[in-house]
Amino acid sequence: MRYPAWKYILILVVLVISTLYALPSLYPDEPAVQISGAKAGTTIDQSVIQKAEQILKSENISSHDNTFTNNAALLRLSTSEAQLKAKDVLSKGLGENYTVALNLAPTTPEWLQKIGAKPMKLGLDLRGGVHFLLEVDMDKAIAQRMETSATDLRREFRDNKIKFNSLSLNNNTITIQFANNDDRAAVMDFLRRDGNKFNQQALATDTGSTLKLTYNDATKQDIQSYALNQNLTTLRNRINELGVAEALVQSQGSNRIVVELPGVQDTAEAKRVLGRTANLEFRLVSDLNDQYIDRKYNGQPLPPGTEVFAYESLDSGRELLLNRSRILTGERVQNASSGFSQDSGGAEVNITLDTAGGKLMSDATRTAVGKRMAVLFIENKQKITSVADPVTGAMTEVRTPYTESVVINAANIQAVLGSSFRITGLDSPQEAAELALMLRAGALAAPMYFVEERVVGPSLGQENIDKGVLSTQVGFLLVAIWMIVFFRLFGLIADVALVINLAMLLTIMSWIGASLTLPGIAGIVITIGMAVDANVLICERIREEMRWGASPKQAIIAGYDRAYNTILDSNLTTFLVAFILFAIGTGPIKGFAVTLMIVTRAIVQLVYGRKRNLNKLSI
């Protein structure tokens, strides 16, 4: 009845590792605010921390153990109330160049962090997390689709040789001028055959026959539904890129989206990536650029079909004149990855287009070899200002949306481009990586703005949380007492193994990044009962062997060996149920009683294995 030494060593190693990696769960996180740059390339240094500390000091808010890591400053606060107040005063004091986000700072000792030990993540109903409420700008969604429709109509009219004098877009209304009523009638008939998505209004003006087009109600509803669903999909993709476990992304009403991130560590990064409505447009530089820009047009009217944008950065003082018509947008991007240019060594983004995008790029550049193509980076933002109520004096936030458009690259087209090419001229590797992430995750169909941001407290209330923890403690204690009363020393051994099994369960959940929720606590309570069930089978089997006349040592060997198949079968069914629950999205609870059986057998071997004259067992 000897147990091999390597099994003792293996169990000891597992026990030490499980204990070490379960220890961080005993150190709860504390409230903090994180300061990072509004753009990925913005540098955060010690002067930013000092300025933030001065702002907090002027408001009688104390912080402690302030740190500076990964180009972000983390200021720890004592209470959640101080955290919320600190965020408000820092957002106003630091200005628009910095993002101030709510966070939870770890308190795990440094020596545990060095070995990679992390606390188990808690769900929103236990520890809370970050809650974002975003509003989709449906007016902008319709305006963007209308711009696309205007471009498509010009192309379709040319392809079908339909006559028209001019086509313009203003206030979500397309105005088409014709030479006569017959040409207008031909277009109206063509539009009815092409899906009939416009309200048509025929007018007689001084300039001749006119047709005004606006979207009908059904088309607007389709656009709004698509914008909401596309933004939901894109947000989920972006959250997956951030690596947030068990995040909640769902619609609220017809134009709002709720995002809840349990256990997230870098809320500033999450806020910047989720809320950033960035897109790319590829346009040709106008042939009149040198005439109008380099010679300083001094506010003169621009040539028809052109627009002026800042070049390289908003404050560079340089501009480029681009054609208004787009070659394609970021919606055609199939894949994007960041890297470094072999020519200049600077940051770049390698882009792969889908089939339709590759064809559009090839058609546009076939007749533009030798010209310059610009990459226009468009970002929708919000300006937040605090306004005092004239009656009550209470401060309220006013959010004003605005758009920043910058040409980040303009290069000569040396050959016909296809589905793969690269963008250079980015400020930093961080900016290139963030741009690639957003393009890879998908473009937002419409801008979104943060309506609400807060740290979520336990949704079921602290009382229910305490009851959940208490139920685990009571369940564990009752099982432990029951095992000792009925199985004496063998029951005590099972209880020791149960503690080890619980530590292993916490360690595994920490490793796989699972978030523990209130239902998860119930799962642990059930796991405790099911895990100890294996030892009930073993102990009862040992009792039966002794009643049948077997010696104590033979009874122990037979009890473990003959109960093994039954235990394996029962835990296999548990595994199948857990797999199904995991597959449909429920938080995983992965403690198995087979592990408990192995540990208890090792302890039994230590207690009884070396006794030569063994006549009775404490069972």
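Residues numbered from 1 in each chain as written. Predicted model: local features only at pLDDT ≥ 70, side-chain atom pairs only at ≥ 80, totals over all residues. Heavy atoms only, no water.

If you look the chain up in an unreviewed UniProt entry, it shows as Protein translocase subunit SecD from Oppiella nova. In the Subcellular location (unreviewed entry) part of its UniProt record, the chain is described as follows: "Cell membrane". (UniProt positions renumbered as here; feature names shortened; annotations may be inferred.)

Peer 1: Please explain the overall build of the chain as it appears in this structure.
Peer 2: For the chain, the helix and strand inventory stands at 15 helices and 23 strands. Taken over 619 residues, the chain has a buried fraction of 43%. Counted over contacts in the chain with a minimum sequence separation of 6, partners at least 24 positions apart contribute 73%. Of the accessible surface of the chain, which amounts to about 31,900 Å², a share of 53% is contributed by carbon and sulfur atoms. (Helix = DSSP H or I, 4+ residues; strand = E, 2+ residues; numbered from the N terminus. Buried < 20%, exposed > 50% of the residue type's maximum accessible area, 1.4 Å probe, protein only. Contact = heavy atoms within 4.5 Å. Areas by Shrake-Rupley, 256 points an atom, 1.4 Å probe, with all protein chains shown as cover.)

Peer 1: Looking at this structure, how should I read the packing of aromatic side chains?
Peer 2: Each aromatic ring pair is specified by the distance between its two centres and by the angle formed by the two planes. Taken as a whole and assessed by the stated rule, the structure comprises 6 aromatic pairs. With a centroid separation of 5.1 Å and an interplanar angle of 70 degrees, the aromatic rings of Phe132 and Phe450 are classed as edge-to-face. A residue pair is termed long-range when its members are at least 10 positions apart, and Phe132 in strand S6 (residues 129-136) and Phe450 in strand S22 (residues 448-456) qualify at 318 residues. Of the two residues, Phe132 and Phe450, neither departs from the other in class, the shared state being buried. Taken together through their ring pairs, the aromatic side chains of Phe157, Phe164 and Phe190 make up a single cluster. (Phe/Tyr/Trp six-rings, centres within 6.5 Å; stacked < 30°, edge-to-face > 60°.)

Peer 1: Can you walk me through unusual backbone geometry in this structure?
Peer 2: Apart from glycine, the bulk of residues carry a negative phi angle, and the bulk of peptide bonds sit in the trans form. Positive phi outside glycine occurs at Asp65, with the angle close to 50 degrees. Note on placement: Asp65 falls in strand S2 (residues 64-69). For Asp65, a relative accessible area of 56% gives the class exposed. Here the phi dihedral of Asn171 falls at roughly 55 degrees; this positive angle occurs in a residue that is not glycine. Tracing the sequence through the fold places Asn171 in the loop between strand S7 (166-170) and strand S8 (173-178).

Peer 1: Is there a simple way to think about the sheet that holds strand S17 (residues 333-340) in this case?
Peer 2: Backbone hydrogen bonds are what pair the strands of a sheet, in a parallel or an antiparallel way. Spatial strand order, S17-S18-S21: 3 strands in an open sheet with antiparallel pairing. Taken across any chain shown, the strands that pair with only one partner, and hence form the sheet edges, are S17 and strand S21 (420-423). Strand-to-strand twist across the sheet, computed as the mean angle between neighbouring axes with direction ignored, equals 25 degrees. Pairing analysis gives 4 bridges linking strand S18 (residues 347-353) to S21, with the strands arranged antiparallel. If you follow Ile351 over to S21, its bridge partner there is Phe421. (Pairing = 2+ DSSP bridges. Axes fitted to C-alpha atoms, helices over the stretch in contact; angles between N-to-C directions.)

Peer 1: Just checking my understanding: could you explain the sheet that holds strand S9 (residues 198-205) for this structure?
Peer 2: One open sheet holds the 4 strands; their spatial order is S7-S8-S10-S9, and the pairing between them is antiparallel. If you trace the sheet from one side to the other, it starts and ends with S7 and S9, each paired once. Put simply, the sheet's adjacent strands are angled 20 degrees from each other on average, direction ignored. The pairing of S8 with strand S10 (residues 208-215) spans 5 bridges and is antiparallel. By the bridge assignment, Ile174 is partnered in S10 with Leu213.

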